[in-house]
Amino acid sequence: MSDATVIIALETTLPGHPLTPALPSDPQRVLLTGATGFVGQALLERLLRTGQAHVWVLVRPRGPRPGADRIRALLRKSVFAAWENEIGAEALAEVVRSRVTVLEGDLRDVPALPADLDLVLHSASSVTFDEPADRAFRTNVGGPAALYRALGAAGGDPHVVHVSTAYVWTGRTDVGRERPVDHDLDWRAELTDVLRERDRVVASHGEHEVDTRMRVAGRERARRHGWTDVYTMTKALGERVAEQEWAGRGHRLTIVRPTIIESALSTPFPGWIDGFKVADPLIAAYARGHLTGFPGRAEAVLDIVPVDQVVATILAAAVSAPDARACRYLQVGSSTSNPLSLAELRRHVQGYFSAQPWVRRDGVVVRATPWEFGDPGTITRRLHRGLGVVGGAAGALRRVRIPARRSLERLDTLQHRLETMNHLVEIYAPYTCASTVYDDTNTRALHADGADWRVGDIDWSAYLRGSHLPAVVGLMRGRPPRPAARRRAPRPVKRVGSGAQALEGDEREVARLAAERARRGRGVAAPRATA
């Protein structure tokens, strides 16, 4: 089947296209890829916490450490902390033991899969913008191809929710639509060509040059075909793999395209995040005083979305599959429903760090300074001039052999900062300077009656200053955010007529609170009645 035929067949899935309720409201047999990643962790937590499904997770061993150990280690991470506070560590471990099966392997070597899966959530991918081309293509193109081959060999007919990115549209159009991306590339030919190019680099320059040269090759290949970087190109080709190899063979497919995924709005707890995400290195650089200018237009929209809103969409899509041989596209972002401009982001970031400035290890307080936007070329030229000046000064000091160790250390530090900023500009400028926004008509229709969908109601000031920026600061300090320990409060007295029902709360919890308050000399307050 040609790419053009696939696009014609798939474009029948438009807003309002009838959906077949082919899955039970609570899928019972689920395969999850990418369970140790940011979105995958959140998906696993929600699947286990809110449903009764048995979940198979495809996890690759890491050195001598088996995949099962990596899943057990997830229980100690903050994504499960709020739930653990509620039910206890032993109960949480028992849920995982009884409802999670680890499949040792990865997308290069997919093991035999169960034949009776009713849902596959494919969230494994390489998310690095400047990954060497061979790695990005193997993971984001070859990986889905191997997964769909394994699913076909298993003989089942699960609905697949394939997680991609809305940035497959960036720079290619002003409005990214919920439909297939228009291109005529053959994903098999591109994958083969990239892997052959790697072999040529090894033959000509040796293994030590591979990563550097393949990063450049990936960037050049992507921009030659109209994408911002190798990440967006390989994600677009990965979609074509899914369209041809799954929907094109008569199965049900939903492609979910998030924008920039950042910390949680509310679930598993406000501010939950697992390491720096796309926007966070820029925020950290600004907090440390390294960033005073960056490419972009103040009025441009930076499309970010909390991770729990992405998870809510994936799980809502999971319970209402499209027709067989059809593919539904869902874009999850804020640029249409609740746009956040770069100027507004700057105001919140500057305001937060003006009130709570970053303090360096040596005790120096870094005062917030104006953050200006500019033309990418102008900023790049300034950085290159700065690098030239710093490099010249360091070279002069070394040539005259004057004892100047401290000065050289300072120059080396400054050079590192300038090189880091130059790298960030090169990676992020295509996004901060882009004019593309992302239609979310299908996604809003999916969530028409759902309480979990709150993108349109996000108060960006409350979200950024109240949870996201504190979470980023915690990561900068090496202290990832964790939820506050929860104590189960007694249920209030319910008044019925002139009397009152007995207290329904946990009596042991009441006694514990009373004893604690007595130790503090505060007594214990009576529960309030409710109408």
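Since we're looking at a predicted model, the values are computed, not measured.

Colleague: Help me understand the overall build of the chain, please; the structure alone is not making it clear to me.
Modeller: In terms of helices and strands, the chain carries 17 helices and 17 strands. When the 531 residues of the chain are sorted by exposure, 50% land in the buried category. A sequence separation of at least 24 residues applies to 81% of the contacts in the chain between residues at least 6 apart. Entry remark: accessible area of the chain is about 24,700 Å², with carbon and sulfur atoms responsible for 50%.

Colleague: Looking at this structure, how should I read unusual backbone geometry?
Modeller: Phi is mostly negative for residues that are not glycine, and the peptide bonds are mostly trans. For the peptide bond that leads from T267 to P268, omega is 5°, which places it in the cis range. Its location among the elements puts P268 in the loop between β8 (260–262) and α10 (280–287).

Colleague: Help me out: how do you make sense of helix α3 (residues 67–74) in this one?
Modeller: Along an α-helix, residues three or four apart share an orientation, since each turn contains 3.6 residues. Every buried residue of α3 is accounted for by G67, R70, I71, A73 and L74. Buried residues of α3, viewed axially, fall in a sector of 155°; they line one side. Buried positions along α3 lie against α2 (38–50), β2 (54–59), α5 (89–99) and β3 (100–104).

Colleague: Explanation requested: the sheet that holds strand β11 (residues 327–332) in the structure shown.
Modeller: What holds strands together in a sheet is hydrogen bonding between their backbones, with the strands either parallel or antiparallel. If you trace the seven strands from one edge of the open sheet to the other, you get β3-β2-β1-β4-β5-β7-β11, paired in parallel fashion. Of all strands in the sheet, those with a lone pairing partner are β3 and β11, marking the two edges. If you compare each strand with its neighbour and ignore which way they point, the axes differ by 20° on average. With four bridges connecting them, strand β1 (residues 29–33) and strand β4 (residues 119–122) associate as parallel partners. Note on β4: the bridge partner recorded for V30 is L119.

Colleague: Would you mind going over helix α9 (residues 230–245) with me for this structure?
Modeller: With 16 residues, α9 extends 22 Å between its outermost C-alpha atoms, agreeing within 8% with the 22 Å of an ideal straight helix rising 1.5 Å per residue. With respect to burial, α9 is a largely interior element, 16 of its 16 residues being buried. The backbone nitrogen of Y231 lies 3.2 Å from a side-chain oxygen of the residue at the head of α9, namely D229.

Colleague: I'm lost on the nonpolar core in this one. Help?
Modeller: Looking at soluble globular proteins, one finds that nonpolar side chains tend to be buried together. By size, the foremost hydrophobic cluster in this structure holds 96 residues, and its most contacted members are L31, L151, L253 and F294. In terms of residue count, the dominant contributor to this core is helix α6 (residues 133–154) (ten residues). If sequence neighbours within four positions are ignored, F294 has contacts with L282, W371, E372, F373, G374, I379, M421, L424, V425, Y428 and T432. Of all hydrophobic cores here, the second largest spans 49 residues; its members include A35, V39, L75 and I273.

Colleague: Please clarify how the pairing of β1 should be interpreted in this entry.
Modeller: Both faces of the sheet carry side chains from a regular strand, because those side chains alternate between them. Most of β1 is tucked away, with four of its five residues classed as buried. Summarising the sheet, β1 and β2 pair through five bridges and their orientation is parallel. Paired with V30 across the bridge in β2 is V55. Between β1 and its parallel partner β2, the chain crosses via α2, and the hand of that crossover is right-handed.

Colleague: So what exactly am I meant to see when it comes to the packing of α10 against helix α16 (residues 460–476) here?
Modeller: To describe two helices that pack against each other, one gives the angle between their axes and the distance between the axes. Between α10 and α16, the shortest axis-to-axis distance is 10 Å and the interhelical angle comes to 75°. One way to sum up the angle between α10 and α16 is to call them roughly perpendicular. Touching D280, I283, A284 and A287 of α10 are H468, L469, V472 and M476, all from α16. For the contact of α10 with α16, a count of residues per class yields six nonpolar, one polar and one charged.

Conventions adopted
- Here the residue index of a chain counts from 1 through its sequence in written order.
- Restriction of local features to residues with pLDDT of at least 70 applies here, the model being predicted, together with a cutoff of 80 or more for giving and counting side-chain atom pairs; totals for whole chains, interfaces and linings are based on all residues.
- Processing note: side-chain calculations cover all non-hydrogen atoms of the structure and skip hydrogens and water entirely.
- Only DSSP runs of H or I reaching four residues or more are called helices, and only runs of E reaching two or more are called strands; each is numbered from the N terminus.
- Relative accessibility thresholds used throughout: buried, under 20% of the residue-type maximum; exposed, over 50%; partly exposed, between the two (1.4 Å probe, protein chains only).
- Working rule for contacts: check all heavy atoms of both residues, and any pair within 4.5 Å makes them a contact.
- Surface accessibility in these figures is a Shrake-Rupley result with a 1.4 Å probe; residues are shielded only by whichever protein chains are displayed.
- Within this analysis, the arc is defined by the directions that extend from the helix axis to the C-beta atoms.
- A pair of strands counts as paired when DSSP detects no fewer than two bridges linking them.
- The axes are straight lines fitted to the C-alpha atoms, using for helices just the contacting stretch, and the angles between their N-to-C directions are given from 0 to 180°.
- The span expected for a helix works out to 1.5 Å for each residue beyond the first.
- By the criterion applied in these results, polar contacts are pairs of N or O atoms within 3.5 Å in which, for protein atoms, one can donate a hydrogen and the other can accept it, and in which residues neighboring in sequence qualify only through two side-chain atoms.
- In these notes, a set of buried Ala, Val, Leu, Ile, Met, Phe, Trp, Tyr and Cys residues joined through side-chain atoms within 4.5 Å is what counts as a nonpolar core.
- Think of it like this: strands point away, you trace from the first strand over the helix to the second, and a clockwise trace means the crossover is right-handed.
- Orientation categories follow fixed angle ranges, with anything under 35 degrees roughly parallel, anything over 145 roughly antiparallel, 65 to 115 roughly perpendicular, and all other angles oblique.
- Gly is put with the polar residues, along with every residue not named as nonpolar or charged; the nonpolar set is Ala, Val, Leu, Ile, Met, Phe, Trp, Tyr, Cys and Pro, and the charged set is Asp, Glu, Lys and Arg.

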